[in-house]
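The chain contents come next:
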Amino acid sequence: MDARAIIAKVRRAEDPSAEELIWFANGLATRAVSDAQAGAFAMAVCLNGLSDDGRVALTAGMRDSGDVMKWDLGGPVLDKHSTGGVGDPVSLILAPALAACDVFVPMVSGRGLGHTGGTLDKLESIPGVSTAQTAANFRKITGEIGCAIVSATSAIAPADKRLYAIRDVTATVESVDLICASILSKKLAAGLDGMVLDVKAGSGAFMKSVEDAQDLARALTSTANGAGTPTAAFISDMSQPLAPALGNATEVAVCLEVLSGNRAAAPRLHDLVVALCARVLALSGQDEAAATAKVNAAISSGHAMVCFASMVRAMGGPPDIADDWHTHLPKAPVVGDVPAPTDGVIAEIDGEALGLCVVQMGGGRQVETDRIDPRVGLSEVVTLGTKVSRGDPIATIHAKDEASAERAAQTVLQSIHIGDTADIPNLIHERIDP
């Protein structure tokens, strides 16, 4: 095998063989492929793409470049992946809800990226929780409780870790083929029996149009299935925050309300969680309508909350989070409402601007070394179509100081537009089956 010959094929828009792409992925992990060669390969793929078979081979090679987990448990091993959005803490409800339905969810998650929040950052806003678990603890928590949400170890898909760093500095992040290989190599290394994808479209997502989201969803779904993991996808709406909160502790508080059986706290969040759970349960052989009823019951009965609290305790968090989360979650010193400047209807929400507002408040990272302030964010964010009168609150700000709160208030007023009518998209635009 020769890295230069493989790069030349992609540069000429020819498809390397599966064996060549698998060798190249392994070379990324072992450093048999140099940084210069990795950058040239990424640029060639970005410009010319790979075939469907080529994308599958690259993904499988990157998955197999490190540890691939194998499970011997009393039920199917399932997971979900989201392409990211604002006010989107689905994983924190979905994992324990599935665990309450007698399946196992070994969820390897990520940090915040750009204007979108990260599942690990949200979970770690609970005092004491550590998502950096050893492989042994990861297995133990998953096996005993049914779910664990952790960060990837260096042994999971090392080829992706190296290629992603190179893509980040060579302007090759946007390639659908490389996005698929990056996302799926880490997820499929968890040894899954099935997976559901939540591909976002709208102002708060990376993919602004439904058409771009469709292209990514179909590529991800076909690649995951081609690599041997039954996978389905939803294209869901991100024209407004999924939950009425953005931040870390603020989003966890909403999740705990939903897990306590209060669907009204975040109906769109609740309903998307149920749909995603039911779809992935159907991939494991269950009837989807029956699975929907089962997930609804798991949440409304409090069984999912028990699973969440057990996971938090096992990962170092407080043992009574289910009963006393208001005491445990960190609180910002400055809290205040943003009043509506006029009468009307909430007509449009710039989700990306709101997400960046939380980042600038300290709730996300502007550079890799930034420390996140888990207290800051937004809550009680209005939804599209809400009628408001002048002076009604359209969001509540949680800030570290008065100056930060004032800046955030100005951003909120610029990001939430009031008009005469609102176009409210469906929560789920499309479903893509295997």
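Residues numbered from 1 in each chain as written. Predicted model: local features only at pLDDT ≥ 70, side-chain atom pairs only at ≥ 80, totals over all residues. Heavy atoms only, no water.

Trainee: How would you explain the overall build of the protein chain if you had to name every residue and give the values?
Mentor: When helices and strands are counted, the protein chain shows 17 helices and 13 strands. The C-alpha radius of gyration of the protein chain comes to 22 Å, within 12% of the 22 Å expected for a compact globule of 434 residues. For the protein chain, the proportion of its 434 residues judged to be buried stands at 55%. Taking as baseline every contact in the protein chain between residues at least 6 positions apart, the subset at least 24 positions apart corresponds to 78%. Here the protein chain displays about 17,000 Å² of accessible surface, and carbon together with sulfur accounts for 50% of that area. (Helix = DSSP H or I, 4+ residues; strand = E, 2+ residues; numbered from the N terminus. Rg over C-alpha atoms; globule rule 2.2 N^0.38 Å. Buried < 20%, exposed > 50% of the residue type's maximum accessible area, 1.4 Å probe, protein only. Contact = heavy atoms within 4.5 Å. Areas by Shrake-Rupley, 256 points an atom, 1.4 Å probe, with all protein chains shown as cover.)

Trainee: Give a detailed account of the packing of helix H4 (residues 52–63) against helix H10 (residues 210–226), specifying residues and quantitative values.
Mentor: Two numbers describe how H4 lies on H10: the axes approach to 9 Å, and their chain directions differ by 65 degrees. H10 is crossed by H4, and the crossing has right-handed handedness. For the pair formed by H4 and H10, the contact residues are Arg55, Val56 and Thr59 on the first element and Ala219, Ser222, Thr223 and Gly226 on the second. Residue classes in the contact of H4 with H10 are distributed as two nonpolar, four polar and one charged. (Axes fitted to C-alpha atoms, helices over the stretch in contact; angles between N-to-C directions. Left-handed = near helix turned anticlockwise from the far one by under 90°. Nonpolar A, V, L, I, M, F, W, Y, C, P; charged D, E, K, R; others polar.)

Trainee: Tell me about the nonpolar core, residues and numbers included.
Mentor: Counting residues in each nonpolar core, the largest one holds 121 residues, and the members touching the most others are Leu123, Ile126, Leu269, Ile299, Phe308, Ile394 and Ile397. When residues in this core are grouped by element, the largest group, eleven residues, is from helix H12 (residues 267–283). Those residues in contact with Leu269 that lie beyond four places of it in its chain are Pro89, Val90, Ile93, Leu242, Ala243, Val254 and Val258. Judged by nonpolar contacts, the second largest core, of 23 residues, contains Ile6, Ile7, Leu58 and Leu163. (Core = buried A, V, L, I, M, F, W, Y, C linked by side-chain atoms within 4.5 Å.)

Trainee: So, the side chain of Ser236: which residues are in play, and what are the values?
Mentor: Relative to the elements of secondary structure, Ser236 occurs in strand S5 (residues 231–237). Under the relative-accessibility criterion, Ser236 is labelled buried at 0%. A polar atom in the side chain of Ser236 sits 2.6 Å from the side chain of Asp198. Within the structure, the side chain of Ser236 is placed 3.3 Å from the side chain of Lys200, a separation counted as a polar contact. (Polar contact = N/O pair within 3.5 Å; in protein donor to acceptor, adjacent residues only side chain to side chain.)

Trainee: Explain the sheet that holds strand S10 (residues 387–388) to me, using residue names and the numbers behind them.
Mentor: With antiparallel pairing, three strands are arranged side by side in an open sheet as S10-S8-S12. The sheet terminates laterally at S10 and strand S12 (416–419), the two strands that pair on one side only. As paired strands, strand S8 (residues 344–349) and S10 are joined by two bridges and run antiparallel to one another. Paired with Gly344 across the strands is Val388, a residue of S10. Packing against the sheet, helix H17 (residues 402–415) makes contact with S8 and S12, and its axis sits at approximately 45 degrees to S12. (Pairing = 2+ DSSP bridges.)

Trainee: Which residues make up the environment of Ala155, and what are the values?
Mentor: Residue placement: Ala155 occurs in the loop between strand S3 (147–151) and helix H8 (158–169). Assessed through its relative accessible area of 28%, Ala155 is described here as partly exposed. In contact with Ala155, other than residues within four places in its own chain, are Gly66 and Asp67.

Trainee: Hey, could you go over the sheet that holds strand S11 (residues 393–399) for me, with residue numbers and the actual values?
Mentor: One open sheet holds the four strands; their spatial order is S6-S9-S11-S7, and the pairing between them is antiparallel. Each of the sheet's edge strands pairs with one partner strand only, and the pair in question is strand S6 (246–247) and strand S7 (334–339). Pairing of S7 with S11, which is carried by six bridges, proceeds in the antiparallel orientation. Across the sheet, residue Pro339 finds its bridge partner in S11, namely Pro393.

Trainee: For the layout of surface pockets, give the residues involved together with the corresponding values.
Mentor: By volume, the second largest pocket is sized at about 470 Å³. Residue assignment for the lining of the second largest pocket shows that the elements contributing at least two residues are helix H11 (249–259) and helix H15 (325–328). When residues in the lining of the second largest pocket are grouped by element, the largest group, five residues, is from H11. (1 Å grid on protein atoms, 1.4 Å probe; cavity = no way out; pocket = protein on both sides within 12 Å on 5 of 7 lines; lining within 4 Å. Points joined across faces, edges and corners; volume = space filled by probe spheres on them.)

Trainee: Any chance you could break down the packing of helix H2 (residues 18–30) against helix H3 (residues 35–48) for me, citing the residues and the numbers?
Mentor: Where H2 contacts H3, the two axes come as close as 11 Å, and the packing angle between them is 135 degrees. Classed by the angle they form, the pair H2 and H3 counts as oblique. Every pair of crossing elements has a handedness; the one defined by H2 and H3 is left-handed. Side by side, H2 and H3 meet where Leu21, Phe24 and Leu28 of the first sit next to Gln37, Ala38 and Phe41 of the second. Residue classes in the contact of H2 with H3 are distributed as five nonpolar, one polar and no charged. (Parallel < 35°, antiparallel > 145°, perpendicular 65-115°, else oblique.)

Trainee: Which residues make up helix H13 (residues 288–300), and what values do they have?
Mentor: Since one α-helical turn is 3.6 residues long, residues separated by three or four positions face the same way. Over its 13 residues, H13 runs 18 Å from end to end, which matches the ideal 18 Å to within 8%, given 1.5 Å per residue. Turning to H13, its buried residues are Ala291, Val295, Ala298 and Ile299. The buried residues of H13 occupy one face: seen down the axis, they fall within an arc of 90 degrees. Turned more than 90 degrees away from the buried face of H13 sit Ala289 and Ser300, all of them exposed. On its buried face, H13 is in contact with helix H5 (90–99), H11, H12 and helix H14 (303–314). N-cap assignment for H13: the residue whose side-chain oxygen lies 3.2 Å from the backbone N of Ala289 is Asp287. One or two residues past the end of H13 sits Gly302, with phi positive at roughly 90 degrees. (Expected span 1.5 Å × (residues − 1). Arc of directions from axis to C-beta.)

Trainee: Got a sec to walk through unusual backbone geometry? Specific residues and values, please.
Mentor: Most peptide bonds take the trans configuration, and most residues that are not glycine carry a negative phi. Of note, Asp102 is a non-glycine position whose phi angle comes to about 70 degrees, a positive value. Among the structural elements, Asp102 can be located in the loop between H5 and strand S2 (105–109). Positive phi outside glycine occurs at Glu380, with the angle close to 50 degrees. For Glu380, the position within the fold is in the loop between strand S9 (377–379) and S10.

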